[in-house]
Structures are given as structure tokens and as C-alpha cells.
Amino acid sequence: HRLQLIDRLPNNTPERKSRTSKQPLGTHSGRVLVNRPLSIHMLLRVAKAGSSAIRSSSLARCLLTGQQKKWIRTETTHKGEIIKGGPLGTGIKEADPLVIVSAYTNVDTLAHQPRGKSAQFGFYVYKMNTTTGGLTLASVCPGVENPAFSRYHPSEDVLYTATESILENGIVVTYKVHSDTGKLEEVHRQDAGGASTCYLTVDRNEENMLFVNYWDSTLGTFPLNPDGTPEDKVKLIETKFDASDAVAKRPKPAQAGEKKHDANDPETAAERQTSAHAHSIVLDPYLGTVAYVPDLGQDCIHQYYFDQKTGALDHRGKIPADTVKGTLGPRYIDFHKKLNVAYVINEMSCGVAVFRFDPSAVDEIKAGGNRHSLEQIQTISTVPEGFPSMYNTCGRICVDPTGRFVLVSNRGHDSITVFRILHKEGGILTRVGWCHTRGTTPRHFAFDDSGRYLIAANQDSNSISVFQFNPSNGLLEHTGNDYVVPSPNFICVKSPHT
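Residues numbered from 1 in each chain as written. Predicted model: local features only at pLDDT ≥ 70, side-chain atom pairs only at ≥ 80, totals over all residues. Heavy atoms only, no water.

Participant: Just to check I follow, could you spell out the packing of aromatic side chains for this structure?
Facilitator: Note on aromatic pairs: each is described by the distance of the centres and the angle between the planes. Per the counting criterion, the structure on display carries 11 aromatic pairs. With a centroid separation of 5.3 Å and 75 degrees between ring planes, the pair formed by F123 and Y175 is classed as edge-to-face. Taken together, the positions of F123 in strand β8 (residues 123–128) and Y175 in strand β12 (residues 169–177) put the pair 52 residues apart, joining distant regions of the chain. With a centroid separation of 4.7 Å and an interplanar angle of 55 degrees, the aromatic rings of F149 and F490 are classed as tilted. Here F149 is found in strand β10 (residues 147–152), whereas its partner F490 is found in strand β34 (residues 488–494), with 341 residues between them in sequence. The pair formed by F149 and F490 is uniform in burial state, with each residue classed as buried. The lysine or arginine in question, R396, covers the ring of F445, its NZ or CZ lying 5.5 Å from the ring centre. (Phe/Tyr/Trp six-rings, centres within 6.5 Å; stacked < 30°, edge-to-face > 60°. Helix = DSSP H or I, 4+ residues; strand = E, 2+ residues; numbered from the N terminus. Buried < 20%, exposed > 50% of the residue type's maximum accessible area, 1.4 Å probe, protein only. Lys NZ or Arg CZ within 6 Å of the ring centre and 35° of its normal.)

Structural data, given as C-alpha cells:
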């Protein structure tokens, strides 16, 4: 790793010519920026040199102690050039957004097989500089084994995280978040009643947590206290599917590595659909009383009536995940905040299915009916036409904070696909393009609250990368900020409530 330094030699010296002929980065007042190896001794010299050592037009990189890559940005003032922030990440503010990264700590017990290394810590908590997009590691937390999907409470500084394992029941762990230090303090554990818990949703009244277990295809709810802590009153049900032996199919430890749900060849795809696999649970944006559960094993989206008072879930039919033929693998669903439209990512077919959302059907479901509330209007691929879908599976899908774009991560193509939403045409999509995530297998990504920055978790290359997002044209630009995190699987970005 190298620090971009100003070479102060005159332009006409042989040494200057030799260096600049290798890798010039830019010029200013007769000085050229070059890459040079950074030692601790050099870092101390840079710090002592202060204002004249680092040019303001560049981001300077260095690898400090540990595994985190640090960045320095400089800015010019009337007194000259000064280091902004400093190499040790000083000047952390309590109001700075938290970037909470979950990491796999035991890859052998998962339904899929990450090719990164197992992490020492379950959580890496960063503070974000909203001017540069740079991150400073604030705290680490051993936590529990394989923390994965996380959900920040809508109004309390409380974090919920689900654990992944196909060998035992998942756990929903509740943490109090200390916004000043980034420390996560465990306050509660709740057995999820099924293996490989993979999604959490807080209802709009903030009175219930809804969750799903991928391996057993079970889902349930438990009540929340006013301070966000859970009550030990779980309501658990099985999804509606023909094969009811998911629990019996849990592998023994010796078999854990035999079948992994991350490849997309025909044989593995067929194996993944021998039984149901509920992958997420999302409430409708109209009343918050219909829960949608994409079922990867059955290629459908289940509808459930959700009773906000009791937390009970009642099945009200299932909707095909796409009209195209073949293996689909629905994973996530995301609703537009203003348009009556929903976007479903089909993980194995590498396609986005666009659905028109009917609020009147939600009224009927609440009254006891079971009419479908989603009607498909489009399918669009997430990978280039010439790229075989069997070498890719999709990860996250989301509508960006402005409501103008839909983004999807591709694991295999190793990119984020950006689609523009055509508002005047009912919310259908047109593709903007692809952005490489600077690593492999982007399992997850997240925007900061402003929508200016996007952080991608590259699971198999042990890294996270920060991009700047242009809300006018949908383009992503790498900020130059990359950080080493072993097997990152989830990104949660949130400005503290307090």
C-alpha cells in the first residue's frame, strides 16, 4: 500500500525524471505526485512536515496497524496545505453516521460457502466522514457466531442481528448502540425457532419484530417493548409448502460442507428447490398489514395477513415470482415509497421482476380476503446479455433514497447494476449500467442516510468499498476508500438517534 506524496525535487533532475516516468499522478506548480512505499518512519516525517507534505488534490492512502486501510484527504487554506482529519482518524464526532459491518466467524456452518476467511470479530463498527466518504474503525465486537442480517430500530439506538447456521436454531440478538464510541452492548437474545435466520422487519408501530428462517422455511414474530427490547413471546409458523421435512434435512456437522447454496449450476439449483426457503419478510407500504415472503424454493411470493395487535400471521395465497420459465429463486422485495410498485430480485435467474401494487387488495386482505395485491408488469436482467447467469447469483435489491433508481448486487459478475425508474411509465425500469464493486461476491450494500454514499460488502475478497452515488444520473464512482474486513456479509448505515 502506498502514500501519494509530493516529490519536491526540481523537474530537471535525473531522479525526478526517473520517478515521474514510472507513474505520474498529476502536477501542480512544477511538482509531481508519485507513489512511494510508506513506512512508519516516513509517516512520522509526513506528520512533522505538516502543511507542505501532502497535496490537496489527491486522496493519500496508507496501511496503519491492523487490517484497516486508512485515507488522508488534504485541503488548502489561506495558510497553505493542511492535513484534513489526519492519518489516525482523529476528530470523530458523535453525530457521524455509524457503519456497522457484520462478518462471518465460522464459514463451515453456513448454507453457502464463502471463500473469504472467518473473521475474528462478528462486528466492525466504523464512523463515516460525510465529506470524504472515508471510514474510521471505532470499535469491534466479538458478538455471536455468524451475525448476518441486521436491522436498526426506527427510533431507538438499538440494533437487532440474526445469526446464520444450518446446524442449529438462529438467534436474534439485541444490542444497545453507544453512538459516541460505536460500542455494541448486548442486552437480549431470542431463539428464532429455525435454522439460518436471514431477515428482520420492525412493524410500523414499532411493536413487533417479524423474522424468517431460510433453512427451515419458518417465520414468526415477537413483541417489542417501548425501548425496543424484545419480549420472550415468539409466534412461529411454517410457510405453506409441500415438503415439510426441512428440519429433518438439517445436515449433521460432518455433512455441513457437502451441499452449499451459493453455486448456480443446474444441479445445485435443483437441490436448492427440493424444499421451501423463505428468504425475507417485508410489510406493505400502505397499511403495514400484509407481509410478503419471497420463497426461493417455491419460486413464489407468499402473502400473509399480519395482525398488528397480536403479531399473528395468516396465509392469504402466493404469487408467482416471475412469468418467465425456469428456475427463479426470489430473494428480496422492495417497495417504492411513492409509486404503487414493487421490485423483486430473483437470485438464480438474475432478473428483476417489477410488480404493480394494488392497495385495494390490501384492504380486502385485511377484511378477510386473499386477492393478489401484486401484478407483474416487467422482467429485466441484472447481468449483460452475453454473461451466463449460471455464473452469477443476485444479492441485495433496493430503491435509492431519491426514488429514481433501483440497484442490485451481482455475486459472480461482481458488480452493482443500476436501473432508472420510469415514473411516467408506471415504475418500469431501464438499465443505466454496471459498476464493479472493487472486490468479489458483493453479498450486500447500503446507502448512507443522505443517499450520497454507497458501501459494498465484498464477501469473498474480505473487503468493503465506498462509492459516491450521483442521484441525477445514477452513476457510481469509487471514492478510493477500501477497507479490509474478513468475510463481510451485511452493511448497516445509520445516523444515531441521540
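Participant: What exactly am I supposed to notice about the side chain of R316 here?
Facilitator: Tracing the chain through its elements places R316 in strand β21 (residues 313–320). Among the polar contacts made by the side chain of R316, one reaches the side chain of D314 at a distance of 2.8 Å. Within the local environment of R316, its side chain forms a polar contact with the backbone oxygen of G369, the two atoms lying 2.9 Å apart. Other than its neighbours up to four places away in sequence, R316 contacts Q303, Y304, Y305, I365, G368, G369 and N370. (Polar contact = N/O pair within 3.5 Å; in protein donor to acceptor, adjacent residues only side chain to side chain. Contact = heavy atoms within 4.5 Å.)

Participant: When you look at the nonpolar core in this model, what are you seeing that I'm missing?
Facilitator: If you look at soluble globular proteins, the nonpolar side chains tend to sit buried side by side. With 80 residues, the main nonpolar core has Y343, V352 and L374 as its most contacted residues. Core analysis: the second largest hydrophobic core is formed by 18 residues, V101, Y124, A446 and I491 among them. (Core = buried A, V, L, I, M, F, W, Y, C linked by side-chain atoms within 4.5 Å.)

Participant: Explain the sheet that holds strand β28 (residues 415–422) to me, please; I cannot follow it from the model alone.
Facilitator: In any sheet, the strands associate via hydrogen bonds between backbone groups, in a parallel or an antiparallel arrangement. On the basis of which strands lie adjacent, the open sheet formed by 4 strands has the order β26-β27-β28-β29 and antiparallel pairing. At either end of the open sheet lies a strand with only one pairing partner, and these are β26 (393–399) and β29 (428–436). Direction aside, neighbouring strands of the sheet carry axes that sit 20 degrees apart on average. In the sheet, β26 pairs with strand β27 (residues 405–411) via 5 bridges, with the strands oriented antiparallel. Across the sheet, V399 pairs through a bridge with V406, a residue of β27. (Pairing = 2+ DSSP bridges. Axes fitted to C-alpha atoms, helices over the stretch in contact; angles between N-to-C directions.)

Participant: I tried to follow unusual backbone geometry on my own but got confused; where do I start?
Facilitator: Trans peptide bonds make up the majority, and among non-glycine residues the majority have a negative phi. Phi at D299 takes a positive value of approximately 55 degrees, unusual for a residue other than glycine. In this fold, D299 is placed in the loop between β19 (290–295) and β20 (300–306). Residue D299 is classed as buried on the basis of its relative accessible area of 16%. A positive phi angle is found at C350, which is not glycine, with a value near 55 degrees. Locating C350 in the fold gives a position in the loop between β23 (341–346) and β24 (351–357).

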